[in-house]
Amino acid sequence: MIEELSKIIKERRTHYTNDFSDVPLSKKNIETIIENALWAPTHKLTQPWKFIVLEGFHKQEMGIFMANYYRKVFSIEDFSDERFEETKDYAKNASMISIICKPNPRLPEWEEIAAVSCAVQNIWLSCTAMNIGGYWDTGIATIKYVENNLKLDDNEKCLGVFFLGNLKNNLSEVNRKRKPISKKLSWNKK
Ligand SMILES: Cc1cc2nc3c(=O)[nH]c(=O)nc-3n(C[C@H](O)[C@H](O)[C@H](O)COP(=O)(O)O)c2cc1C
């Protein structure tokens, strides 16, 4: 079992939406993934999360919003017309799960954000186990889109959007190396 878990952890990768095929994910897929998110640990069992799937016109509107936002932020040379058009289609093949944190005031906010991050890791690992690609997008444009389009309560924060989709066939392997354990683990004995 640990071998299987280690394999999934090490195979998990960030996949952007151009790696997604046009075969949409089913609601069942998304429910399986979110069910696993719900089992993440939380201090005092606060479960400070809400997951809102952005459907229908959100796909077009998210792309248009991102394209316009980045055009404003970058100079024209850095954000060509071609890139503008591509960005408009950014979410075309993606499912989008907005990640909302509603921190419990009885706890330090960082603990609640850490708990939501544990839930996102469950989402990400579940995707890998199901051969679904995805990544956590915390870009300003993405968060602004959610804040502008969903009615969040004052004490709710959008922590980004998890983009996910069925992977195209024959993608080349992405190798994002990690520093060796010798650099990150030490033993302090007293
Ligand atoms: C909290 C968090 C926020 C992230 N936000 C973004 C993002 O806004 N845009 C992006 O391209 N990748 C984002 N990523 C993905 C990282 O860039 C990616 O995990 C890292 O490069 C390692 O690659 P890997 O996931 O394939 O191992 C985020 C990851 C985390 C954990």
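**A word on the overall build of the chain**
Looking only at helices and strands, the chain features seven helices and four strands. Of the regular secondary structure in the chain, the N- to C-terminal order runs α-α-β-α-α-β-α-β-α-β-α. Judged by the C-alpha coordinates and their principal axes, the chain covers about 60 × 45 × 35 Å. Residues classed as buried in the chain amount to 27% of the 190 residues present.

**Details of the site of the ligand**
Near the ligand, the surroundings consist of Arg13, Thr14, Tyr135, Trp136, Asp137, Thr138, Gly139, Val174 and Arg176. For the shell around the ligand, a count of residues per class yields three nonpolar, three polar and three charged.

**Focus: the sheet that holds strand β3 (residues 132–137)**
Adjacent strands of a sheet form backbone hydrogen bonds with each other and so pair up, either parallel or antiparallel. Spatially, the four strands line up as an open sheet ordered β1-β2-β4-β3, and their pairing is antiparallel. On the outer flanks of this sheet lie β1 (49–54) and β3, each paired with one strand and no other. The mean inter-strand angle of the sheet, taken between neighbouring strand axes irrespective of direction, is 25 degrees. In the sheet, β1 pairs with strand β2 (residues 95–101) via six bridges, with the strands oriented antiparallel. The residue of β2 that forms the bridge with Lys50 is Ile100.

Rules used in this analysis
- Residues numbered from 1 in each chain as written.
- Predicted model: local features only at pLDDT ≥ 70, side-chain atom pairs only at ≥ 80, totals over all residues.
- Helix = DSSP H or I, 4+ residues; strand = E, 2+ residues; numbered from the N terminus.
- Buried ≥ 20, exposed ≤ 12 C-beta atoms within 10 Å, placed from the backbone.
- Near = placed C-beta within 6 Å.
- Nonpolar A, V, L, I, M, F, W, Y, C, P; charged D, E, K, R; others polar.
- Pairing = 2+ DSSP bridges.
- Axes fitted to C-alpha atoms, helices over the stretch in contact; angles between N-to-C directions.

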